[in-house]
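One letter stands for each residue in the lines below.
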Amino acid sequence: IIAEESQRLPQLVHFAREQIAAGRKLMVYFLTCACVDYYGLVLPQLANLKGMEIGSLHGKMAPKTRQKTYDWFLSLARGGMLLCTDVAAR
């Protein structure tokens, strides 16, 4: 999605809501671990995403925690969103 800076979060929320409601899984990549942590706390609190399955994964997490989160994401049957850094691509 290409969006103006002021529209990035609203566009992400709208897109994620539609995709998760349709039963799809999303991986959203962020540049830093801090961004993953921040949006991992903020997004689930937004009214449009309340109750949606949202998890976080980044390189500063313990390996067991990363694996547990990744396994959780793979096991989702009805859609969800994984917020991650490039560690998920490795």
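All of these numbers come straight from a predicted model, not from anything done at the bench.

A. Structural context of the side chain of serine 56. One can find serine 56 in strand β2 (residues 54–57). Residues contacting serine 56, with those up to four places away along its chain left out, are Val36, Gly40, Met61, Thr69, Leu82 and Leu83.

B. Seen up close, the nonpolar core. Core analysis: the largest hydrophobic core is formed by 14 residues, its most contacted members being Leu43, Leu49, Ile54, Met81 and Leu83. For this core, the secondary-structure elements that each account for two or more residues are α1 (8–21), β1 (25–29) and β3 (80–84). With four residues, α1 is the single largest residue contributor to this core. Every residue in contact with leucine 49, bar those within four places of it in the chain, is listed here: Val13, Ala16, Arg17, Leu43, Pro44, Ile54 and Met81. Within the second largest apolar cluster, six residues are counted, among which are Leu57, Phe73, Leu76 and Val87.

C. Molecular detail of α1. Helix length check: α1 (14 residues) gives 20 Å between terminal C-alpha atoms against 20 Å at 1.5 Å per residue, within 8%. The inward-facing, buried residues of α1 abut β1 and β3. Of the residues flanking the end of α1, it is glycine 23, one or two places downstream, whose phi is positive at about 85 degrees.

D. Structural detail: the packing of aromatic side chains. One pass over the full model with this rule turns up three aromatic pairs. Taking 5.0 Å as the distance between ring centres and 85 degrees as the angle between the ring planes, the aromatic pair formed by tyrosine 38 and tyrosine 39 counts as edge-to-face. Given a relative accessible area of 23%, tyrosine 39 falls into the partly exposed group. Residue placement shows lysine 25 over the ring face of phenylalanine 73; its charged tip is 5.6 Å from the ring centre.

E. Structural context of the pairing of β1. Side chains of β1 alternate between two faces, with Leu26 and Val28 buried and Lys25, Met27 and Tyr29 left unburied. Sheet topology note: the β1/β3 ladder contains five bridges and is parallel. Bridge pairing in β3 places methionine 27 opposite leucine 82.

Criteria and cut-off values
- Residues numbered from 1 in each chain as written.
- Predicted model: local features only at pLDDT ≥ 70, side-chain atom pairs only at ≥ 80, totals over all residues.
- Heavy atoms only, no water.
- Helix = DSSP H or I, 4+ residues; strand = E, 2+ residues; numbered from the N terminus.
- Contact = heavy atoms within 4.5 Å.
- Core = buried A, V, L, I, M, F, W, Y, C linked by side-chain atoms within 4.5 Å.
- Buried < 20%, exposed > 50% of the residue type's maximum accessible area, 1.4 Å probe, protein only.
- Expected span 1.5 Å × (residues − 1).
- Phe/Tyr/Trp six-rings, centres within 6.5 Å; stacked < 30°, edge-to-face > 60°.
- Lys NZ or Arg CZ within 6 Å of the ring centre and 35° of its normal.
- Pairing = 2+ DSSP bridges.

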